Every structure is written in structure tokens, then in C-alpha cells.
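Here's the letter readout for the chains.
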Amino acid sequence: METMRHSSQRYGQGENVGSWQNWAGNVTARSARDARPASVEELRAVVRQAAEDGLAVKAVGSGHSFSAAAVTDGVLIRPDRLTGIRAIDRAAGTVTVEAGTRLRTLNMALAQEGLSLTNMGDIMEQTVAGATSTGTHGTGRDSGALSAQIRGLELVTADGSLLTCSRTENPEVFAAARIGLGALGVITAITFAVEPLFLLSAREEPMTFDRVTATFDELHADNDHFEFYWFPHTDNCITLRNNRTVGPHAPLGRLRGWFEDEFLANGVFQALNSVGRAVPSAVPAIARLASRSLAGRTYTDIPYKVFTSPRRVRMIEMEYAVPREAAVDTLRELKAMVDRSDLRISFPVEVRAVPADDITLSTASERDSAYIAVHVYRGMPYRRYFTEAERIFAAHDGRPHWGKLHTRDADYFADAYPRFAEFTALRDRLDPDRRFANPYLRGVLGD
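My aim in this report is to walk through the structure given alongside it, one point at a time. Worth saying up front: this structure is predicted, and the values here are computed from it rather than measured. (Residues numbered from 1 in each chain as written. Predicted model: local features only at pLDDT ≥ 70, side-chain atom pairs only at ≥ 80, totals over all residues. Heavy atoms only, no water.)

1. With respect to helix H8 (residues 254-278)
Worth spelling out the cut-off: Put simply, DSSP H or I for four residues or longer makes a helix, DSSP E for two residues or longer makes a strand, and each gets a number counted from the N terminus. Expected span of a helix, by definition, is 1.5 Å for each gap between consecutive residues, and there is one gap fewer than residues. Two axes enter the definition of the bend at a residue: one is fitted to the seven residues ending there, the other to the seven starting there, and the bend is the angle between them. Partly exposed residues are those whose accessible area sits between 20% and 50% of the maximum for their type, while under 20% is buried and over 50% is exposed, using a 1.4 Å probe and protein chains only. Residue contacts are defined here by distance: any two heavy atoms, one from each residue, within 4.5 Å place the two residues in contact.
Across its 25 residues, H8 extends 33 Å between first and last C-alpha, which sits within 8% of the 36 Å expected from 1.5 Å per residue. Roughly 40° is the biggest bend found in H8, and it falls at Phe263. Of all the residues in H8, the buried ones are Gly257, Glu260, Asn266, Phe269, Leu272, Asn273 and Gly276. If you follow the buried residues of H8, they end up packed against helix H9 (283-292), strand S17 (297-301) and strand S20 (369-377).

So this is what it looks like as C-alpha cells:
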């Protein structure tokens, strides 16, 4: 017992049984041991010790996924000591960053160096490893998800080996591990492509549902980054167009930014949702009020200040990627379903799009894709809404976001992904004893 305690302290593992809960509060875990390794060598030792003890291993990020991909009753690795930028290579146009680094930290550090990622999701709270492993994405005509910007990564495999992957080194692992779901190993570092810092002109404009769906292809083609939100129980949408510009730099004023992004979009929206949860019959009126409160605005700023925004209102989410050409039909079917039902949906539906990529289990793998995300305020019923939405998404060959709720299984994914068998064969090779398995992965990948 004394030997085990010494080993645990040495490698950053805690003896106490700890509990973990995700941001939304819908997923919890109770692990046999927690580990907070401070170096790659300590992490390798944690994995080797877990193998000796017959325990599963999972790494957890900031908890912004809604799925149970990171749950384990074995060793839970918390990467909060594996943070920071290792290196910036300006000639190669890359940055190498430790796996536990938050996107906020990375984006701000890059901006100080006059650099930026090409595209981003809409929040910055995730760790780089967690965000990429589950396929976090933004929207873009020509630029894809965070994982599509990876140029290399480091991975600790089930036997404690350290594997370096890129297009030229272990390319078959690189093709899969950029969105690896935590099934192939524990990521220790990621190398992203970066470019000189640029400016984005942001234009937010209300638009009717019929108009935005009728012109969706044109809006997508004419803008570097286009997305929109539709408010259920209304015909109202808010559209967001972000395009590169030479300037001038014209950011939102601090007071206006706080009022619109913090007070209205978070504080007031939180209060309205709380009213809707207490009085569901008020939700349609609340949706009309919320959709009309968002007036148009334009501003110009550096990328992370345009792409990302604070999201403090807690909710439950399902998101599917459908072929981009099926986006409008899918959305119209979703609206028709909500309109004819007695559902009360207080959160807007978000629609984005990205080009095809070559990542094995990317939701955009080998096809241009549009993402449709449905949300429900935390504490409100969501199962019937999500079930009906998922039926529509699946009928259009949808692929669920790996970090969001869904009910699909390995048989479904074997049909949905042309290279699914390639991923599972690689998993068999790298983790034959299923050191990194959990119930979620057994469901989506098979035993």
C-alpha cells in the first residue's frame, strides 16, 4: 500500500476518489484515481501504471461536451498542468501547444505574436485536445474545423509509448487521431497551422426564415464565413457574415459590447429562459421577443474577437452534420415538425457549414457539410424534441457531432463513414486491450 501511494504521488495521481461533472451538468463521472501529470513522462507513467492495475484511462478537458466520451471509473487524467505554447515556427507557419491549453489562452497568445488560427468555433473555453478530439468547428466556405488545421500531434498510446504523427510520420494515425474521440490514446501536444493576424469585418443582420433558406447557397458562396440562427415559433433569423478585410480596425465599443453580448445575449436571455422553464406556455412569446431584440450591427476586429463570444446560458445540445446540399430541406422539415407540435423551444437553432476534409471520423469527412444544432435550456425537457430532430437528421444521412447528444451506434456509423473500418482497425492495433474504452466508445465504435 505504501508503494502504491508513493507511485501515485510521484506521477501526479490522487488516491482520493474524485467526481467530475461537465459544463451542462448532464454527465458525471466517479473515477478510481485522478491524475494531474505535469509532463509527458509523468503522463506516460500514469498510463503504464493504469495498465498494471487493470484500470481504464480517460483524459478530460474543460467539460464542454454533452456526450459521455470522457467518462471513466478508472484513471481520469486532468491536463491542467500540461499547458502552454512549446514553440512557434514562423517559417513553417505553425504553433505547437500542450494538450491542456485552453483555446482562449492560445488565441490571445497568438494575437500578441501577430498570428492567428484560420478558423475557430464560437467559444474559447475548451482545451485544444478536447476541442479537436470531438470535432469542434466553426463555419467557413473554404476553411474547416479546428482539427483540419492540425499539422502534427503527439499521442501516448496504451502501452505508454509516445507516438508522433503528421502527414509524413505515422500518417495513418494522423488521419484518425485528429478526431480520435480519446479512443486511440491521450494527446499530449498539437501542432496547428497559423497565419499572420488578420481582420474580419462582421455583419449581423435580421432576416426572415424564408429569405435565408431561399438564398442559403448564395450567402454561403459569397462570404468567407456565414451562419445563422432561426428562432423556433417565429419566422425570424439572425444572420452572421464574417469576411476578411484590410480594415480599418473598428471594434465594438466596450460598453456596447458588454450590453449586447453580456447583458442581452447572456443576462436577459438567461432570465427569459428561466421564465419559459417555469411557464412553458410563454415560450413562443419569449421567442418572438428574443428574436426581435437582436438588431443588426457591423464591426471589424481580429479573428478571435469576431469568431467567439461568451456563452454563459447553460443548455443541452444535439448537432448533426448533413450534406451541405441537404441543409435547407433538413431545416425546413425541422421547422415544420416544431410548428405542428406542442413543443416549446426557447433556444434558437444554429446553422453553419464547412468544406470537406480528409479526417477519418470527421463529420465533414469527404463531403461538404452543413451543421444544424438544436438546444434546450438546462432543466427543460428535451428528449422528444431531440428524438424528432434526430429522426429528420438521420433521414438526410446526418452524422452527429461527437461532443453532442445523439443515440446512434456503431452499425449506423459503419454506414455513415466510408473509412469507419479503417478507424476501428487502427484502434485494435493501438489499444487491443481497450485501455481507453468506456461505455460511450463501446456504443459508437463497437467492442
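Having seen the structure, we can now continue with the description.
2. Side note on the sheet that holds strand S11 (residues 162-165)
Sheet strands pair via backbone hydrogen bonds, and the direction of the pair is either parallel or antiparallel. Our working definition: When DSSP locates at least two bridges between a pair of strands, those strands are taken to pair. To obtain an axis, a line is fitted to C-alpha atoms, over the contacting stretch when the element is a helix, and the angle between two such axes runs from 0 to 180 degrees between their N-to-C directions.
Taken in spatial order, the five strands line up as S7-S8-S12-S10-S11 in an open sheet, and their pairing is antiparallel. Because the sheet does not close on itself, it has two edges, and the strands there are strand S7 (85-89) and S11. When strand polarity is set aside, the average angle formed by the axes of neighbouring strands in this sheet is 10°. One ladder, built from five bridges, connects strand S8 (residues 94-98) with strand S12 (residues 186-193); its direction is antiparallel. If you follow Val97 over to S12, its bridge partner there is Ile190.

3. Some points on the pattern of salt bridges
Note the following rule: A side-chain nitrogen of Lys or Arg and a carboxyl oxygen of Asp or Glu constitute a salt bridge if their distance falls within 4 Å.
With the rule as written, the count across this model stands at 35 salt bridges. Glu195 is the salt-bridge partner of Arg244, the closest N and O atoms lying 2.7 Å from each other. Of this pair, Arg244 sits in strand S16 (residues 236-245) while Glu195 sits in strand S13 (residues 195-196), placing them 49 residues apart in sequence. You can call Arg244 partly exposed: its relative accessible area is 39%. For Asp428, the salt bridge identified is with Arg434, shortest N-O distance 2.5 Å. Overlapping salt bridges, with partners in common, bring together Asp122, Arg311, Glu317, Glu319, Glu350, Arg352 and Lys404 in one network.

4. Considerations on unusual backbone geometry
The omega torsion of the bond from Gly247 to Pro248 falls at 10°, within 30 degrees of zero and hence cis. Note on placement: Pro248 falls in the loop between S16 and H8. Even without being glycine, Leu181 reaches a positive phi, approximately 60°. In this structure Leu181 comes out as buried when scored by relative accessible area, which is 5%.

5. Remarks on the packing of helix H11 (residues 327-340) against helix H12 (residues 383-395)
Quick reminder of the rule: Should an angle lie under 35 degrees it is considered roughly parallel, over 145 roughly antiparallel, and from 65 to 115 roughly perpendicular; all remaining angles are considered oblique. Take the far helix as your reference; a near helix turned counterclockwise from it by less than a right angle gives a left-handed crossing, and one turned clockwise gives a right-handed crossing. All residues other than Ala, Val, Leu, Ile, Met, Phe, Trp, Tyr, Cys, Pro, Asp, Glu, Lys and Arg, Gly among them, are scored as polar; the first ten of these are nonpolar and the last four charged.
In the contact formed by H11 and H12, the axes pass within 10 Å of each other and the chain directions differ by 150°. Between H11 and H12, the interaxial angle falls into the category roughly antiparallel. Taken as a pair, H11 and H12 cross one another with a handedness that is right-handed. Residues Thr330, Glu333, Leu334, Met337, Val338 and Arg340 of H11 touch H12, and the partners they reach there are Tyr385, Glu388, Ala389, Arg391, Ile392 and Phe393. Of the residues contributing to the contact of H11 with H12, the split by class is seven nonpolar, one polar and four charged.

6. A look at a nonpolar patch on the surface
To keep it simple, the criterion reads: For patch detection, residues must exceed 30% relative accessible area and be free of salt bridges, and they are connected within 9 Å for like charges or within 5 Å for nonpolar side chains (Val, Leu, Ile, Met, Phe, Trp, Tyr). Only the protein chains shown count as cover for residues, with accessible areas throughout obtained via the Shrake-Rupley method and a probe of 1.4 Å.
Nonpolar side chains collect at one region of the surface, where Leu255, Trp258, Phe259 and Phe263 lie side by side and expose about 450 Å² of accessible area between them. Along the chain, the position of Phe263 falls in helix H8.

7. Thoughts on the side chain of Arg367
Heads up, the rule is: Counting rule applied: Lys, Arg positive; Asp, Glu negative; His and chain ends not counted. Think of a polar contact as two N or O atoms within 3.5 Å of one another; within protein, one of them needs to be a possible hydrogen donor and the other a possible acceptor, and neighboring residues in sequence only count if both atoms come from side chains.
Its place among the elements puts Arg367 in the loop between strand S19 (349-354) and S20. We note that Arg367 is buried and unpaired, the nearest opposite charge coming from Asp397 at a distance of 5.4 Å. At 2.7 Å, the side chain of Arg367 forms a polar contact with the backbone oxygen of Asp397. Residues in contact with Arg367, not counting those within four places in the same chain, are Ala321, Val322, Pro323, Pro355, Ala356, Asp397, Gly398 and Arg399.

8. Topic: the packing of H8 against H9
One can describe the packing of H8 onto H9 by two numbers: an axis separation of 9 Å at closest approach and a directional angle of 165°. Judged by the angle between their axes, H8 and H9 are roughly antiparallel. Relative to H9, the crossing made by H8 is left-handed. Contact with H8, carried on its side by Phe269, Leu272, Val275 and Gly276, involves Val283, Ile286, Leu289 and Ala290 of H9 and no other residues of that element.

9. Thoughts on H9
Worth spelling out the cut-off: Note that the arc is defined by the directions from the helix axis to the C-beta atoms.
If you check which residues of H9 are buried, you get Val283, Pro284, Ile286, Ala287, Ala290 and Ser291. Viewed along the axis of H9, the buried residues span an arc of 155°, placing them on a single side of the element. In H9, the exposed positions that point more than 90 degrees away from the buried face belong to Leu289 and Arg292.

10. Quick word on the pairing of S16
Note that strand S14 (residues 199-208) and S16 share ten bridges and pair antiparallel. Of the residues in S16, the one forming a bridge with Glu205 is Thr239. Hairpin remark: strand S15 (residues 225-230) followed by S16, antiparallel, with five residues in the connecting loop; positive phi at His233, about 75°.

11. As for the environment of His406
Residue position: His406 is located in the loop between strand S21 (399-400) and helix H13 (410-416). Exposure remark for His406: the relative accessible area of 15% places this residue in the buried category. Between the C-alpha atoms of His406 and Ile345, which are 61 residues apart in sequence, the distance is 18 Å. Residue contacts for His406: discarding those within four places in its chain leaves Met318, Tyr320, Glu390, Pro400, His401, Phe413, Tyr440 and Val444. Among the polar contacts listed, one links the side chain of His406 to the side chain of Tyr440, at a separation of 3.1 Å.

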